[in-house]
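Structural features, examined
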Amino acid sequence: MMPTPDENWWRQIALEYNERFDFPLCLGAIDSKHIRIKKPHRSGSKYYNYTGYG
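Residues numbered from 1 in each chain as written. Predicted model: local features only at pLDDT ≥ 70, side-chain atom pairs only at ≥ 80, totals over all residues. Heavy atoms only, no water.

Concerning the packing of aromatic side chains
For any pair of aromatic rings, the description rests on two quantities: the centre-to-centre distance and the angle between the ring planes. Considering all chains together, one arrives at one aromatic pair under this definition. Between Tyr17 and Phe21 the ring centres are 5.7 Å apart and the planes differ by 45°, which places this aromatic pair in the tilted class. Pair noted here: Tyr17 and Phe21 are both in helix H1 (residues 7-21), with a separation of four residues, about one helical turn. Judged by its relative accessible area of 43%, Phe21 falls in the partly exposed class. (Phe/Tyr/Trp six-rings, centres within 6.5 Å; stacked < 30°, edge-to-face > 60°. Helix = DSSP H or I, 4+ residues; strand = E, 2+ residues; numbered from the N terminus. Buried < 20%, exposed > 50% of the residue type's maximum accessible area, 1.4 Å probe, protein only.)

So, a nonpolar patch on the surface
Together, Met2, Trp9, Trp10 and Leu27 line one region of the surface with nonpolar side chains, adding up to about 410 Å² of accessible area. Along the chain, the position of Leu27 falls in the segment after H1. Judged by its relative accessible area of 46%, Leu27 falls in the partly exposed class. (Patch = residues over 30% accessible without salt bridge, like charges linked within 9 Å, V, L, I, M, F, W, Y side chains within 5 Å. Areas by Shrake-Rupley, 256 points an atom, 1.4 Å probe, with all protein chains shown as cover. Salt bridge = Lys/Arg side-chain N within 4 Å of Asp/Glu carboxyl O.)

Looking at the side chain of Ser43
Structurally, the position occupied by Ser43 is in the segment after H1. Within the structure, the side chain of Ser43 is placed 2.9 Å from the backbone oxygen of Pro40, a separation counted as a polar contact. (Polar contact = N/O pair within 3.5 Å; in protein donor to acceptor, adjacent residues only side chain to side chain.)

Okay, structure coming up:
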C-alpha cells in the first residue's frame, strides 16, 4: 500500500529529480512515448529511433 503523499513527499521527489537529472520542479516522467515529427532534410539517422520512426 502506498502512503498518501503530502507536500513534503512531493518536495522530496522534485529535489531528487533536480539533483539527479537537472530538471527543476519535476514530479515524474513518462517512458516509451514516441511522437512523430518531420525530420530536417539531410539529417540522416539523427532523428530515428528503435520503433522505426525515421
